[in-house]
Amino acid sequence: MLDWLVIGGGPHGVHAAARLIGEAGISRDKVRILDDEATLLARWRRSTQNTGMRFLRSTSVHHLDLSSASLRHFVKRGKGRRLPRPFTRPYSRPSLDVFDRHSDEVIAKFDLQALHVKGRANSLKISDENVRVNLGAETAARGTAGIDAKQVILALGAPHQPEWPAWARRAAASAKELGEAPTIQHVFDPAFDLREDFDHEVVVVVGAGISGAQVA
């Protein structure tokens, strides 16, 4: 039985696992990270790429390692000096490239990729002694139907299924029925790729939050 199961392999899940091992002294064989992507941080990297992020919205002290100064030291050691702008104003916000390189170093330092269990939690059942996490059919077919842990951390991030307004769902379904290429795409859909060539199209971004502004 595990001491800790972290559900979610994004920034929060990776940081939680690093804290458990590096700060709380939990044995590595008693910690696992459950995530349905092929690698840790895969969804984070897809989402930041598809929103056109170049610099993080937070300061240099916010990252995945234990010490608040770790990212600064990472750059001073030469790991990010080859980049033209490792930080930007205001508040010394790190570039996405520096943040991702530093995150890779944190994952390697604690060997977190070896703790990754590929799968998705379907349900949790709490008993007096542990939490039983039941996994999806795909993971069960590989021989793991569930995981028992004394404690579970939920680091789920944004929902896996993007929220589509009703009018957008109808338009997308209509295009599919007619065999036409989709004219409406969701920025957080796994199939969306901001690197596509939109030069000869008129593009409307629906949503005026930070992600919408970055995409525009």
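Heads up: the structure comes first, above all this text.
Predicted model only: the values in this text are computed from it and were never measured.

Chemist: Quick question: what am I supposed to make of the pairing of strand β8 (residues 146-154) here?
Modeler: Bridge analysis of strand β1 (residues 2-7) against β8 gives five bridges, and the strand direction is parallel. Following the sheet pairing, Trp 4 is matched in β8 by Gln 151. The sheet contact formed by strand β7 (residues 131-135) and β8 spans four bridges and is antiparallel. Residue pairing for β8: Val 131 is matched across the bridge by Ala 149.

Chemist: Got a minute to help me understand helix α4 (residues 96-109) in this structure?
Modeler: Counting along an α-helix, one turn takes 3.6 residues, and residues three or four places apart therefore face a common direction. End to end, α4 covers 20 Å across 14 residues, agreeing with the expected 20 Å (1.5 Å per residue, within 8%). Within the sequence span of α4, burial applies to Leu 96, Val 98, Phe 99, Asp 100, His 102, Ser 103, Val 106 and Ile 107.

Chemist: Just to check I follow, could you spell out the packing of aromatic side chains for this structure?
Modeler: A ring pair, where both rings are aromatic, is described by two values, the distance of the centres and the angle of the planes. This structure, assessed with the given rule, holds one aromatic pair. Here Trp 44 and Phe 99 contribute two aromatic rings whose centre-to-centre distance is 5.6 Å and whose plane-to-plane angle is 55°, an arrangement assigned as tilted. Residue Trp 44 is located in helix α2 (residues 42-50), and its partner Phe 99 is located in helix α4; the two are separated by 55 residues in the primary sequence. Accessibility expressed as a relative area gives 21% for Trp 44, which makes it partly exposed. Its relative accessible area of 4% is what places Phe 99 among the buried residues. Over the ring of Phe 87 we find Arg 72, and its NZ or CZ is 4.1 Å from the ring centre.

Chemist: Can you walk me through a nonpolar patch on the surface in this structure?
Modeler: On the surface, Trp 167, Val 202, Val 204 and Val 206 cluster together into a nonpolar patch covering about 500 Å² of accessible area. Inspection of the secondary structure puts Trp 167 in helix α6 (residues 166-177). For Trp 167, a relative accessible area of 45% translates into the label partly exposed.

Parameters at a glance
- Every chain is numbered on its own, with residues counted from 1 as its sequence reads.
- For this predicted model, a pLDDT threshold of at least 70 governs which residues receive local features, and a threshold of 80 or more governs which side-chain atom pairs are given and counted, while totals over whole chains, interfaces and linings are taken from all residues.
- Side-chain descriptors were evaluated using all non-hydrogen atoms of the structure, hydrogens and water having been removed beforehand.
- At least two DSSP bridges between two strands are required for those strands to pair.
- In this description a helix means any DSSP run of H or I spanning at least four residues, a strand means any run of E spanning at least two, and both kinds are numbered starting from the N terminus.
- A helix's residues, less one, multiplied by 1.5 Å, set its expected span.
- Only protein chains enter the calculation, and the probe is 1.4 Å; a residue is then buried if its accessible area is under 20% of its type maximum, exposed if over 50%, and partly exposed in between.
- Ring pairs shown here join Phe, Tyr and Trp side chains whose ring centres sit within 6.5 Å, with only the six-membered ring taken for Trp; geometry is labelled stacked below 30 degrees between planes, edge-to-face above 60, and tilted in between.
- Either the NZ atom of lysine or the CZ atom of arginine qualifies as a charge over a ring when it sits within 6 Å of the ring centre and within 35 degrees of the ring normal.
- Like-charged residues are merged into a patch within 9 Å and nonpolar side chains (Val, Leu, Ile, Met, Phe, Trp, Tyr) within 5 Å, provided each residue has over 30% relative accessible area and no salt bridge.
- Areas reported here follow the Shrake-Rupley algorithm with a probe of radius 1.4 Å; residue values treat only the protein chains shown as occluding.
- Here a salt bridge means any side-chain nitrogen of Lys or Arg lying within 4 Å of a carboxyl oxygen belonging to Asp or Glu.

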